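Architecture at a glance
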Amino acid sequence: MNAHTQKAKKRTIILAIWTAAWLISLAFVSFSSELNLESHMLTLAATLVNLIIGLGMIWANRNYIKNLDELQKKIQLDAMAATLGIAVVVGLSYSLLDINNIIPFDAEISHLVFLIGITYAVGIAIGAKKYQ
Amino acid sequence: MKNRIKVLRAEQNMTQADLANHVEVSRQTINAIEKGKFDPSLPLAFKIAKLFERTIEEIFIDESL
């Protein structure tokens, strides 16, 4: 493992820690009603903490991308371009299906987040395989 | 774009990881460049050329010309 790869691994771990912290804080806010957080102030504070950790995650992601080498950046860019396109096109079509009552359930934002995650992961895997 | 990196590397008994370390990229990037799957940027091409003490034209061959 060369110096560049070692640094990249360290930044990946930092990003993973921020992402895990953000997910935990998001889950905490999402399930606050089940945790009997009846105080609006407490829920607001938890939401603010989630937002601040989210900003930290964005900073870690920016730092991660910024320090990738040029091929790794290209793989990321290709995956992100595919993700953005698919999220907008499929997301809007899905929303229209809901608005026109063609699907029997509501089009939730979580479905879109799931689609984004899957598309991005597949895009990265295809890019890594292409330049192997 | 074809290149002579593999040959130059072999002449200097250098592994892909050694070259990657010198020019501060991942080994996968060197591998993709060697196989002609990825064309390096001008700054990276200059770094590689400087390391092998060659000109860019001596290392990279533009097949469209």
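Predicted model, so just to flag it, every value in this text is computed and none were measured. (Residues numbered from 1 in each chain as written. Chains lettered and ligands numbered in written order. Predicted model: local features only at pLDDT ≥ 70, side-chain atom pairs only at ≥ 80, totals over all residues. Heavy atoms only, no water.)

Here the focus is the overall build of chain B. Across its full length, chain B carries 5 helices and 2 strands. Walking chain B from its N terminus toward its C terminus, one meets helices and strands in the order β-α-α-α-α-α-β. Referenced to the eigenvectors of the C-alpha coordinate spread, the extents of chain B come out at roughly 30 × 20 × 20 Å. Evaluated residue by residue, chain B yields a buried proportion of 42% over its 65 residues. Across chain B, contacts joining residues at least 24 apart in sequence account for 55% of those joining residues at least 6 apart. Just so you have it, chain B exposes about 4000 Å², and 51% of that area is on carbon and sulfur atoms. (Helix = DSSP H or I, 4+ residues; strand = E, 2+ residues; numbered from the N terminus. Buried < 20%, exposed > 50% of the residue type's maximum accessible area, 1.4 Å probe, protein only. Contact = heavy atoms within 4.5 Å. Areas by Shrake-Rupley, 256 points an atom, 1.4 Å probe, with all protein chains shown as cover.)

Okay, the packing of helix 2 (residues 40-66) of chain A against helix 3 (residues 70-99) of chain A next. Residues and elements named next belong to chain A. Packing of helix 2 against helix 3 brings their axes to within 9 Å, and their N-to-C directions diverge by 130 degrees. Viewed along their axes, helix 2 and helix 3 adopt a mutual orientation that is oblique. Together, Tyr64, Ile65 and Lys66 of helix 2 and Lys73, Gln76 and Met80 of helix 3 make up the contact between the two elements. Broken down by class, the residue content of the contact of helix 2 with helix 3 amounts to 3 nonpolar, 1 polar and 2 charged. (Axes fitted to C-alpha atoms, helices over the stretch in contact; angles between N-to-C directions. Parallel < 35°, antiparallel > 145°, perpendicular 65-115°, else oblique. Nonpolar A, V, L, I, M, F, W, Y, C, P; charged D, E, K, R; others polar.)

All names here are of chain B. Note that Asn3 resides in strand 1 (residues 2-3). Among the polar contacts listed, one links the side chain of Asn3 to the backbone nitrogen of Ile5, at a separation of 3.1 Å. Of the polar contacts made by the side chain of Asn3, one reaches the backbone oxygen of Ile33; its length is 2.7 Å. The contact partners of Asn3, leaving out residues within four places of it in the chain, are Ile33, Glu34, Ile59, Phe60 and Ile61. (Polar contact = N/O pair within 3.5 Å; in protein donor to acceptor, adjacent residues only side chain to side chain.)

To continue, consider the UniProt feature "transmembrane region" (unreviewed entry) in chain A. Residue and element names in this part refer to chain A. The feature "transmembrane region" (unreviewed entry), as given by UniProt, occupies residues 12-33, 39-59, 79-97 and 109-128 in the numbering adopted here. Helix makes up 95% of residues 39-59 and strand 0%. Its end C-alpha atoms lie 31 Å apart. Each end of residues 109-128 is marked by a C-alpha atom, and these two atoms are 29 Å apart; helix forms 100% of the span and strand 0%. (UniProt positions renumbered as here; feature names shortened; annotations may be inferred.)

The UniProt entry lists residues 5-59 of chain B under the feature "domain: HTH cro/C1-type" (unreviewed entry), expressed in the numbering used here. Between the end C-alpha atoms of residues 5-59 of chain B the distance is 7 Å, and the span holds 67% helix and 0% strand.

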